[in-house]
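# Inside the fold
In case you want the letters, here they are:
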Amino acid sequence: MKTIPFWTDNFPRPADLPVSPLPQQVDVAIVGGGYTGLSAARTLAKGGASVAVLEQGNIGNGASSMNGGQVGSGVKLGIEKVFKQFGAEVGREVWQKTIEAVDYLEQTLAEEHIDCDYTGNGILAVAYRPSHYKAMARKFEWTARELDYHKFELLPPDRMRDEIGSDVFFGGMVEHVGGGVHPAKYVFGLAQAAARVGVCLCEQAEVLNIRRVVGNSGFQITTSRGELKANEVLIATNGYTGPLVRKIQRGVFTVGSYMISTEPLSPELQKELNPNNRVMYDTKWFLNYFRLTPDGRMTMGGRNNLSPNLDVRQSAENLRKTLVHIFPQLQGFPITHTWTGRLGITFDLMPHIGRVNGIYYAFGYGGHGVALSGYLGKEVAELIAGQSQRSVFAEIPHPTSIFYYGNAWFLPIVAAYYRFLDAVS
Ligand SMILES: Cc1cc2nc3c(=O)[nH]c(=O)nc-3n(C[C@H](O)[C@H](O)[C@H](O)COP(=O)(O)OP(=O)(O)OC[C@H]3O[C@@H](n4cnc5c(N)ncnc54)[C@H](O)[C@@H]3O)c2cc1C
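Residues numbered from 1 in each chain as written. Predicted model: local features only at pLDDT ≥ 70, side-chain atom pairs only at ≥ 80, totals over all residues. Heavy atoms only, no water.

The next point concerns the nonpolar core. With 74 residues, the main nonpolar core has I30, V94 and L201 as its most contacted residues. It is helix α10 (residues 369–384) that provides the largest number of residues to this core, a total of nine residues. In contact with L201, other than residues within four places in its own chain, are L17, P18, V19, S20, L38, V53, I59, A191 and A195. Listed in part, the 25 residues of the second largest apolar core include V126, F169, M300 and A316. (Core = buried A, V, L, I, M, F, W, Y, C linked by side-chain atoms within 4.5 Å. Buried < 20%, exposed > 50% of the residue type's maximum accessible area, 1.4 Å probe, protein only. Helix = DSSP H or I, 4+ residues; strand = E, 2+ residues; numbered from the N terminus. Contact = heavy atoms within 4.5 Å.)

Right, let's get into the site of the ligand. In the vicinity of the ligand there are 37 residues, among which T36, E55, N61, S64 and Q70 approach most closely. A63 is positioned with one of its backbone polar atoms (N or O) 3.0 Å from an oxygen atom of the ligand. In isolation the ligand offers 1,000 Å² of accessible surface; the protein chains occlude 97% of this area. Taken together, the elements giving at least two residues each to the shell around the ligand come down to α2 (35–46), β12 (253–264), β16 (335–345) and α10. Here the residues of the shell around the ligand sort into 15 nonpolar, 19 polar and three charged. (Near = heavy atom within 4 Å. Polar contact = N/O pair within 3.5 Å; in protein donor to acceptor, adjacent residues only side chain to side chain. Areas by Shrake-Rupley, 256 points an atom, 1.4 Å probe, with all protein chains shown as cover. Nonpolar A, V, L, I, M, F, W, Y, C, P; charged D, E, K, R; others polar.)

Helix length check: helix α4 (residues 88–111) (24 residues) gives 34 Å between terminal C-alpha atoms against 34 Å at 1.5 Å per residue, within 8%. Among all positions of α4, only G91, V94, W95, K97, T98, I99, A101, V102, Y104, L105, T108 and L109 are buried. (Expected span 1.5 Å × (residues − 1).)

The subject of this paragraph is the sheet that holds strand β15 (residues 297–302). Strand order in the open sheet formed by eight strands is β5-β6-β4-β13-β14-β15-β12-β16, and the pairing between neighbours is mixed. If you trace the sheet from one side to the other, it starts and ends with β5 (152–155) and β16, each paired once. Taken over all neighbouring pairs, the strand axes of this sheet differ in orientation by 20° on average, direction set aside. This element, helix α5 (residues 130–147), spans β4 (123–126), β5 and β6 (172–175) of the sheet and lies at about 150° to β5. (Pairing = 2+ DSSP bridges. Axes fitted to C-alpha atoms, helices over the stretch in contact; angles between N-to-C directions.)

On the surface, I402, F403, W409 and I413 cluster together to form a nonpolar patch covering roughly 500 Å² of accessible area. Residue position: I413 is located in helix α12 (residues 411–424). For I413, a relative accessible area of 57% corresponds to the exposed category. (Patch = residues over 30% accessible without salt bridge, like charges linked within 9 Å, V, L, I, M, F, W, Y side chains within 5 Å. Salt bridge = Lys/Arg side-chain N within 4 Å of Asp/Glu carboxyl O.)

Looking now at the packing of aromatic side chains. Taken as a whole, this structure holds 19 aromatic pairs when the rule is applied. Between F253 and F347, the ring centres sit 5.0 Å apart and the planes meet at 55°, which makes this aromatic pair tilted. Of this pair, F253 sits in strand β12 while F347 sits in the loop between β16 and β17 (352–356), and the two are 94 residues apart along the sequence. F347 gets classed as partly exposed once you look at its relative accessible area, which sits at 28%. Aromatic rings pair up to connect F253, F347, Y404, W409 and F410 into one cluster. (Phe/Tyr/Trp six-rings, centres within 6.5 Å; stacked < 30°, edge-to-face > 60°.)

Below, the discussion takes up the pattern of salt bridges. All told, the structure shown has 21 salt bridges when counted by the stated rule. Among the salt bridges present, the one from D9 reaches K2, with a minimum N-O distance of 2.7 Å. Accessibility expressed as a relative area gives 29% for D9, which makes it partly exposed. Overall, the relative accessible area of 42% leaves K2 in the partly exposed class. Two residues, E395 and R390, come together in a salt bridge whose shortest N-O distance is 2.8 Å. Accessibility expressed as a relative area gives 46% for E395, which makes it partly exposed. Under the relative-accessibility criterion, R390 is labelled partly exposed at 42%.

The geometry of α4 relative to α10 is characterised by a closest axis approach of 8 Å and an angle of 90° between their N-to-C directions. Classified by the interaxial angle, the pair formed by α4 and α10 is roughly perpendicular. Note on element contacts: α10 touches α4 through V370, A371, L372, G374, Y375, K378 and E379, opposite K97, T98, E100, A101, V102, Y104 and L105. Split by residue class, the contact of α4 with α10 holds eight nonpolar, two polar and four charged. (Parallel < 35°, antiparallel > 145°, perpendicular 65-115°, else oblique.)

As structure tokens, then:
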């Protein structure tokens, strides 16, 4: 079993991805070479700005090359809670934006000819308990009534075998929007697209310090490869956010997500387990997400703890047991890859755009980032360029905790609570 992501093992960083020396001066410097940073860079450069993406590793070093590749609507908080917390008007706008985020991803793939095996055939939620199926039925009615949204299809228990070769779930709901991407092909395709419009992709350039230039509105940036000046700076580091700007770090914390993938399955077994080749997730607090890879492996992610520092081999064994529980057909099937990456979560479970001491940021997608990160990258870029004056993600107040200074000491407590909820709900 390899302890590296299947996705980059299958599709490594392309050798012809153009990288740049560190420029001396740019209009906008972007910290982080994932979907957020690359999408923002592409938008800014298309508008005529000079842009450098500063990435401490290689492009796609973070979650963007190694995730589950599931593209769907919604935010981590849940749309009904968004309505309760922020009111119906904001709720409707947020929902609309999450649908636009999926459209925007599809549009970018088409415009830039990014071949990332996008399935585009929807996403399936499967109910872990009978009560979860009842909650799905309520959501089905609520979204039709409050949002005039009709892309969900409820699947009663007796229809589950049409969608999944498993008998452990109590119903489900297909959303006929989104689908699955090959995450590594998507991130490298986005990087190629950004490079084509003139973005400098600077790899192995860890940003160590950002300070305002005295008497000037710009910034002096120190990286592990040298110094540069920028008029504006965007932090796009999501689950990898460090203490560069303390106040920004205090708005997001890191949670680990762990994945495994099997050897390729026979075409017959693929068809039996996932007849419509959908990406899927279950409804637990410690949820599992699973799908077939384009070459026919079953891949699954999840965790039974929130720490980003768990032993990947032990996590792989726990995930394998869950996989075999869901699909007994996979008993004895070799696991070829296991890996982990970092999610960025905010205290209100909402994605945010913001500005601290003149430095912009966009992050906090909490497991919905494949579609949302590219979209927030575009939105923050339009704010920076003055092409738009507002974004709902910049207007929602961004809370932190007075007890949080970059060390997420509360994760074991939250994890214990999630375990309790999974046991009783
Ligand atoms: C295992 C896993 C599975 C997931 N599955 C899904 C899914 O199925 N669907 C979904 O919607 N979302 C999923 N997500 C979430 C999704 O991948 C992320 O929300 C998204 O990739 C975030 O993109 P980003 O560009 O904001 O951050 P990232 O891709 O994480 O990029 C941040 C980058 O910042 C760089 N960086 C940090 N500090 C510095 C510095 N000081 N200097 C220079 N560079 C720096 C890092 O090296 C990193 O490359 C998953 C995440 C993980 C980890």
